[in-house]
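Working through the structure, step by step
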Amino acid sequence: MIAYTIRRVVLMVPLLFAVATVTFFLMHSVEGGPFDTDKPMSEATRARLNERYNLDGSLGEQYVNFIKNTAKLDLGISISSNERPVRDIIQEKFTVSLQLGVCAFLFAIALGITLGTMSAINQNGIGDYVGVFIATGGAALPGFILAPFLVILFALKLNWFDVLGWEMWNYKKMVLPTVALGMLPGAFIARIARASMLDILRQEYIRTARAKGVKEFTVILRHAVKNALIPVLTILGPIFAGLITGSFIIENAFAIPGLGNAFVGSVLVRDYGVIM
């Protein structure tokens, strides 16, 4: 296990190098630069700015400097944020994305296990149809459609929740982004939980427990659900990692100052430090 872990960590190095290289050349291939604004700028001013942010060299020189600084964990400074260190920006934004991701993760687990268990217990019944319908709808609706739908219905029409921003422990600002971000993984968990639960309910030890007169609630909770969660646990790690790293769509839809929102903004203004 230790050798496998070390091998996977070592393999991350060339992967990160490849991602950094592709990101660098993709951003520099886009027309325009960080100092292309509507306001006129003299060539002397532009030259001083390029020198200040190490953009005056050739593309190859910039790439070498970028790789060297990244290897030393020097992420540079942000052009669009008053020269704040990129490390500080990422730390600040990641805290918000982490809060949103954890809330969406917990919601996805609760939704998925509940729907999956309800559907399996009521196979081919009304509970099964309702659970499958919600899971299918959650998996089919992308975030850029679900988020505006939730805003229009629950914020603008019913006025139950706020539309913009994120504030921990303020349910009016937390509910809609959490649901919008957690619906897709929740639907995926529900489908896995339902299939696993149906398989467990057909096992001999479940029939034996029922034949002994054990209450149905005890059979489901103590024997079926516990074993049916094993396949679900195997997918929770990747789901959690995907949720806490920021969502471009959800964070922009609800104006949440997280990593996703920061990256989109940095692309629009060509803030190379934050992007890379």
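A brief look at the structure comes next. (Residues numbered from 1 in each chain as written. Predicted model: local features only at pLDDT ≥ 70, side-chain atom pairs only at ≥ 80, totals over all residues. Heavy atoms only, no water.)

**Points about the overall build of the chain**
What counts here: Per the convention used, a helix needs a DSSP run of H or I reaching at least four residues, while a strand needs a run of E reaching at least two, with both numbered from the N terminus. Each residue gets one of three labels from its accessible area relative to the maximum for its type: buried under 20%, exposed over 50%, partly exposed in between, using a 1.4 Å probe on protein chains only. In what follows, a contact means two residues having at least one pair of non-hydrogen atoms within 4.5 Å. To measure how exposed things are, a 1.4 Å probe is used in the Shrake-Rupley method; for residues, cover is taken only from the protein chains shown.
Looking only at helices and strands, the chain has twelve helices and zero strands in total. In the chain, the succession of α and β elements from N to C terminus is α-α-α-α-α-α-α-α-α-α-α-α. A principal-axis box enclosing the C-alpha atoms of the chain has dimensions of 85 × 55 × 30 Å. Relative to its full complement of 276 residues, the chain shows a buried share of 35%. Within the chain, contacts between residues separated by at least 24 positions form 66% of all contacts whose residues are at least 6 apart in sequence. Carbon and sulfur atoms form 67% of the exposed surface of the chain, whose accessible area is close to 16600 Å².

**Topic: the packing of helix α7 (residues 171-201) against helix α9 (residues 216-244)**
What counts, and what does not: Lines fitted to C-alpha atoms define the axes here, with helix axes fitted over just the stretch in contact, and angles between the N-to-C directions of these axes take values from 0 to 180 degrees. What sets the label is the angle itself: under 35 degrees gives roughly parallel, over 145 gives roughly antiparallel, 65 to 115 gives roughly perpendicular, and the rest give oblique. Less than a right angle of anticlockwise turn of the near helix away from the far helix marks a crossing as left-handed, whereas a clockwise turn marks it as right-handed. The classification used treats Ala, Val, Leu, Ile, Met, Phe, Trp, Tyr, Cys and Pro as nonpolar, Asp, Glu, Lys and Arg as charged, and all other residues, Gly among them, as polar.
Taken N-terminus to C-terminus, the directions of α7 and α9 make an angle of 150°; their axes are 9 Å apart at the nearest point. For the element pair α7 / α9, the angle class is roughly antiparallel. Relative to α9, α7 is oriented so that their crossing is right-handed. Here α7 contributes L181, P185, F188, I189, I192, A193, S196, M197, I200 and L201 to the contact with α9, which in turn contributes I220, H223, A224, V225, N227, A228, P231, V232, I235, L236, I239 and L243. Considering only residue class, the contact of α7 with α9 consists of 19 nonpolar, three polar and no charged.

**A word on the pattern of salt bridges**
Heads up, the rule is: Salt bridges are defined as contacts in which a side-chain nitrogen from Lys or Arg sits within 4 Å of a carboxyl oxygen from Asp or Glu.
For the structure on display, the rule yields three salt bridges. As a salt-bridge pair, E204 and R207 come within 2.9 Å of each other at their nearest N and O atoms. One end of the pair is E204 and the other is R207, both in helix α8 (residues 204-211) and three residues apart, which spans about a single turn. On the basis of relative accessibility, which here comes to 55%, the residue E204 falls in the exposed class.

**A word on α7**
Stated formally: The span expected for a helix works out to 1.5 Å for each residue beyond the first. What we call the bend at a residue is the angle made by axes fitted to the seven residues finishing there and the seven residues starting there.
For α7, with 31 residues, the first-to-last C-alpha span of 37 Å runs short of the 45 Å given by 1.5 Å per residue. In the structure, α7 departs most strongly from a straight axis at M183, where the bend amounts to approximately 45° and where the proline P185 lies between one and four residues downstream.

**Examining the packing of aromatic side chains**
Note the cut-off: Stacked, tilted and edge-to-face are the three classes applied to pairs of Phe, Tyr and Trp rings, where Trp contributes its six-membered ring and a pair requires centres within 6.5 Å; stacked means planes under 30 degrees apart, edge-to-face means over 60, and tilted covers the rest.
Applying the stated criterion across every chain, the model contains eight aromatic pairs. With centroids separated by 5.0 Å and ring planes inclined at 65°, the aromatic side chains of F105 and F240 adopt a geometry described as edge-to-face. Here F105, found in helix α4 (residues 86-121), pairs with F240, found in helix α9; they are 135 residues apart in sequence, far enough to count as distant. Aromatic rings pair up to connect F24, F25, Y63 and F66 into one cluster.

**Quick word on the side chain of D128**
Here is the rule: Within 3.5 Å is the distance limit for a polar contact, defined as a pair of N or O atoms, with the added protein rule that one can donate a hydrogen and the other accept it, and that residues adjacent in sequence qualify only through two side-chain atoms.
Along the chain, D128 falls in helix α5 (residues 126-140). Within the structure, D128 has its side chain in polar contact with the backbone nitrogen of N124 (distance 2.9 Å). A distance of 3.0 Å separates a polar atom in the side chain of D128 from a polar atom in the side chain of R194. The residues touching D128, leaving out its near neighbours within four places in the chain, are M118, S119, N122, Q123 and R194.

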